[in-house]
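Observations on the three-dimensional arrangement
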Amino acid sequence: DQQVKQNSPSLSVQEGRISILNCDYTNSMFDYFLWYKKYPAEGPTFLISISSIKDKNEDGRFTVFLNKSAKHLSLHIVPSQPGDSAVYFCAAYTGNQFYFGTGTSLTVIP
Amino acid sequence: EAQVTQNPRYLITVTGKKLTVTCSQNMNHEYMSWYRQDPGLGLRQIYYSMNVEVTDKGDVPEGYKVSRKEKRNFPLILESPSPNQTSLYFCASSLQVWNEQFFGPGTRLTVL
């Protein structure tokens, strides 16, 4: 059973606009959450993380929001750039294990 | 250059022929892990290791073995591969389990 879900397989956004990627989870024991970005033929690379005790973390153009009551996580990219086009995975951690979502393919249109 | 390397990058084999995919990191990381990526299923953790000689099962360990005899190496062993193990495999490492993970470039395995 998928404990971390990304219900949107793909998203297209105009350059300069905001990209919002969503992630839902079922396990309330997750300690922290991470976002990874993946280009074709490469391994995922870390983007940003957030502890379960926080509700927001910001790093440059990237902001992650955590809504524990809704068990929902979102990644905001502002402004979106063509180089942001990639597959984005959300992941959650508990008990020394990581659980990943199925990924959302973001296309930023120039 | 800090990196995680995997070999081979591509492998086509036949059912039942034992194989090993190597993984090595040069960052002195404690935590290492193997994942498989399948369409519609995302990344799923196969095995992980908290340190030398300490390994544990992830979400999908069936049909796989690992060992951690040295800190830098974490090979994935398929003793009797089957077609349902055809997948894209990633090795990853992090300084500690709660830190960001660095991923290798992936190994595409096809079992006929």
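Our subject is the structure listed above.
Residues numbered from 1 in each chain as written. Chains lettered and ligands numbered in written order. Predicted model: local features only at pLDDT ≥ 70, side-chain atom pairs only at ≥ 80, totals over all residues. Heavy atoms only, no water.

The subject of this paragraph is the sheet that holds strand β7 (residues 65-66) of chain B. As a general point, the strands of a sheet are linked pairwise by backbone hydrogen bonds and lie either parallel or antiparallel. All names here are of chain B. One open sheet holds the 4 strands; their spatial order is β1-β3-β8-β7, and the pairing between them is antiparallel. Edge positions in the sheet fall to β1 (4-7) and β7, since each of these pairs with one other strand and no more. The pairing of strand β3 (residues 19-25) with strand β8 (residues 76-78) spans 3 bridges and is classified as antiparallel. When the bridges of β8 are listed, Leu-19 appears paired with Leu-78. (Pairing = 2+ DSSP bridges. Helix = DSSP H or I, 4+ residues; strand = E, 2+ residues; numbered from the N terminus.)

This brings us to the pairing of strand β8 (residues 72-77) of chain A. Residue and element names in this part refer to chain A. Among the 6 residues of β8, 5 are classified as buried, and the element is accordingly described as predominantly covered. Pairing of strand β3 (residues 19-25) with β8, which is carried by 6 bridges, proceeds in the antiparallel orientation. Residue pairing for β8: Ser-19 is matched across the bridge by Ile-77. Sheet topology note: the strand β7 (residues 62-67)/β8 ladder contains 6 bridges and is antiparallel. (Buried < 20%, exposed > 50% of the residue type's maximum accessible area, 1.4 Å probe, protein only.)

This part covers the state of the cysteines. All names here are of chain B. A complete count under the given rule lists 2 disulfides over all chains for this structure. There is a disulfide in this structure between Cys-23 and Cys-91, and the S-S distance comes to 1.8 Å. An S-S torsion of about -70° defines the bridge between Cys-23 and Cys-91 as left-handed. One end of the pair, Cys-23, is in strand β3; the other, Cys-91, is in strand β9 (residues 87-94), and 68 residues separate them in sequence. On the basis of relative accessible area, Cys-23 is assigned to the buried category, the value being 2%. (Disulfide = S-S within 2.5 Å.)

So, on to the sheet that holds β3(A). In space, the 5 strands of this open sheet follow the order β1-β3-β8-β7-β6 (chain A), with antiparallel pairing throughout. On the outer flanks of this sheet lie β1 (4-5) and β6 (56-59) of chain A, each paired with one strand and no other.

Right, let's talk about the interface of chain A and chain B for a bit. With 19 residues of chain A in contact, the opposing surface of chain B contributes 23 residues. Taken together, both faces of the contact between chain A and chain B bury some 1700 Å²; the carbon and sulfur share is 56%. Taken as a group, A:Asn96, A:Phe98 and A:Phe100 account for 30% of the area that chain A buries against chain B, more than any other trio of residues on that side. The tally of links from chain A across to chain B stands at 0 salt bridges. Here chain A and chain B share 5 residue pairs in polar contact (both at pLDDT 80 or more) between them. Put simply, the parts of the chain that give the side of chain A that touches chain B at least two residues each are β4 (32-38), β9 (86-94) and β10 (97-100) of chain A. In terms of residue class, the side of chain A that touches chain B is built from 10 nonpolar, 7 polar and 2 charged. (Contact = heavy atoms within 4.5 Å. Buried area = accessible area lost by both parts, 1.4 Å probe. Salt bridge = Lys/Arg side-chain N within 4 Å of Asp/Glu carboxyl O. Polar contact = N/O pair within 3.5 Å; in protein donor to acceptor, adjacent residues only side chain to side chain. Nonpolar A, V, L, I, M, F, W, Y, C, P; charged D, E, K, R; others polar.)

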